[in-house]
Protein chains: 2
Amino acid sequence: MYALGRHILAEMYGCAPEILDDQETVEKIMVQAAIEAGAEIREVAFHKFSPQGVSGVVVISESHLAIHTWPEFGYAAVDVFTCGTRVNPWDACNYLTEKFRAEHMTATEVKRGIFEEPVKVANY
Amino acid sequence: MYALGRHILAEMYGCAPEILDDQETVEKIMVQAAIEAGAEIREVAFHKFSPQGVSGVVVISESHLAIHTWPEFGYAAVDVFTCGTRVNPWDACNYLTEKFRAEHMTATEVKRGIFEEPVKVANY
């Protein structure tokens with residue numbers, strides 16, 4: 001079995017609420033996480049909610065990073081989805097866990113796009 | 001156990017390649033899927049890759065929809081992540097399966113943001 005992508009779903013609890021509620025900081029951290037993993041950034045879209053919370057996505061050549069924060073619970077739902085073998089999604093995930101100062105993080109890696117025959121990811 | 005969000009990871013195989021490779025069409029279908037589910041759209045960011053493939057995200061008040069397509073394999077990796085009880089992510093997922101003309105779709109729903117006590121989602 002061969003997979004096109006690796007998708008990490010990370011639950012970050014006990015994060016710093018003031019970081020999770022600051023759109024600019026969340027965006028900077030997410031963009032830097034993509035860079036730390038060696039990804040190539042294509043699109044960045046973030047939104048601040050009232051009274052609290054930030055949602056945003058970094059589209060990368062290798063797929064995407066997404067985040068939704070609940071500062072009131074110190075919680076962030078983080079996705080790091082990468083394809084190809086050049087980028088390791090765990091590099092981004094570990095960076096984010098540190099920067100959001102998560103006290104507790106659980107993550108699951110899901111394989112995306114499973115084929116029985118070897119597949120070659122298109123050359124972007 | 002209470003969860004803040006519901007996240008569907010859908011694998012769509014046997015999709016129409018000409019649809020998956022058309023950024024404008026993929027974007028329209030994704031936006032319409034959010035509307036079909038009753039979500040409120042906040043940000044839209046899509047990117048066309050060369051020689052093929054489209055990646056994009058629709059940030060909604062209730063979280064996000066994301067897609068990465070591999071027209072050469074007729075495959076799309078689709079995420080529909082919603083929070084709150086007002087929007088049903090399966091409405092969007094079923095709409096997308098139909099519009100991409102997927103011959104075969106498998107999906108998993110993952111609960112995101114699990115707390116032992118009842119949580120009330122912030123009023124956006």
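The name given to chain A in an unreviewed UniProt entry is S-adenosylmethionine decarboxylase proenzyme, with Mahella australiensis as the source organism. Looking at the Subunit (unreviewed entry) heading of the UniProt record, one finds this comment for chain A: "Heterotetramer of two alpha and two beta chains arranged as a dimer of alpha/beta heterodimers."

Draft legend 1. Spatial organisation of the relation of the copies chain A and chain B. Taken as rigid bodies, chain A and chain B are interconverted by a rotation of 180° and an axial shift of 0.0 Å, the fit giving an RMSD of 0.0 Å. Such values leave the two copies arranged in the relation of a two-fold axis. When C-alpha positions in chain A are compared against the rotation axis, the closest is assigned to A:Ala45, at 3.3 Å. Interface overlap between copies is the fraction of interface residues in one copy that are interface residues in the other; for chain A against chain B it reaches 100%, indicating a shared surface.

Draft legend 2. Up close: the UniProt feature "active site" (unreviewed entry) in chain A. With numbering aligned to this structure, UniProt lists the feature "active site" (unreviewed entry) at A:Ser63, A:His68 and A:Cys83. Turning to its location among the elements, A:Ser63 is positioned in strand 4 (residues 63–70). Residue A:Ser63 is classed as buried on the basis of its relative accessible area of 1%. A:Ser63 has contacts with A:Val58, A:Phe81, A:Thr82, A:Cys83 and B:His68, leaving out every residue within four places of it along the chain. Here A:His68 is to be found in strand 4. Residue contacts for A:His68: discarding those within four places in its chain leaves A:Val54, A:Ser55, A:Tyr75, A:Ala76, A:Ala77, B:Ser63, B:His64 and B:Phe81.

Draft legend 3. Local environment of the pattern of salt bridges. All names here are of chain A. Applying the stated criterion across every chain, the model contains 18 salt bridges over all chains. Where Glu 109 meets Lys 111, a salt bridge forms, and the shortest distance between an N and an O atom there is 2.8 Å. A residue is classified by how much of its surface remains accessible, and Lys 111, at 44% relative accessible area, is partly exposed.

Draft legend 4. Structural view of the packing of aromatic side chains. According to the stated counting rule, one finds 10 aromatic pairs over all chains in the structure shown. Where A:Tyr13 meets B:Phe115, the ring centres are 5.5 Å apart and the plane angle is 80°; that geometry is what we call edge-to-face. With A:Tyr13 in strand 1 (residues 2–13) and B:Phe115 in strand 6 (residues 104–115), this residue pair bridges two chains. A relative accessible area of 15% places A:Tyr13 in the buried class. Its relative accessible area of 16% is what places B:Phe115 among the buried residues. An aromatic cluster is defined as three or more aromatic residues linked by ring pairs; in this entry it consists of A:Tyr13, A:Trp70, A:Phe73, A:Tyr75 and B:Phe115.

Draft legend 5. Region of interest: the interface of chain A and chain B. Counting residues at the interface gives 44 residues for chain A and 44 residues for chain B. Of all residues in chain A, A:Phe49, A:Trp70 and A:Arg112 give up the largest surface area on contact with chain B, accounting jointly for 16% of the area buried on that side. Counting the contacts that link chain A with chain B gives four salt bridges. In this structure, A:Glu11 and B:Arg112 form a salt bridge, with 2.4 Å as the shortest nitrogen-oxygen distance. Taken together, the connections running from chain A to chain B amount to 20 residue pairs in polar contact (both at pLDDT 80 or more). Elements with a minimum of two residues in the side of chain A that touches chain B: strand 1, strand 2 (41–48), strand 3 (54–60), strand 4, strand 5 (75–83) and strand 6 (104–115) of chain A. Classifying every residue of the side of chain A that touches chain B gives 26 nonpolar, 11 polar and seven charged.

Here is what the cut-offs are and how they apply
- Residues numbered from 1 in each chain as written.
- Chains lettered and ligands numbered in written order.
- Predicted model: local features only at pLDDT ≥ 70, side-chain atom pairs only at ≥ 80, totals over all residues.
- Heavy atoms only, no water.
- UniProt positions renumbered as here; feature names shortened; annotations may be inferred.
- Least-squares fit on C-alpha atoms with pLDDT ≥ 70 in both.
- Contact = heavy atoms within 4.5 Å.
- Helix = DSSP H or I, 4+ residues; strand = E, 2+ residues; numbered from the N terminus.
- Buried < 20%, exposed > 50% of the residue type's maximum accessible area, 1.4 Å probe, protein only.
- Salt bridge = Lys/Arg side-chain N within 4 Å of Asp/Glu carboxyl O.
- Phe/Tyr/Trp six-rings, centres within 6.5 Å; stacked < 30°, edge-to-face > 60°.
- Buried area = accessible area lost by both parts, 1.4 Å probe.
- Polar contact = N/O pair within 3.5 Å; in protein donor to acceptor, adjacent residues only side chain to side chain.
- Nonpolar A, V, L, I, M, F, W, Y, C, P; charged D, E, K, R; others polar.

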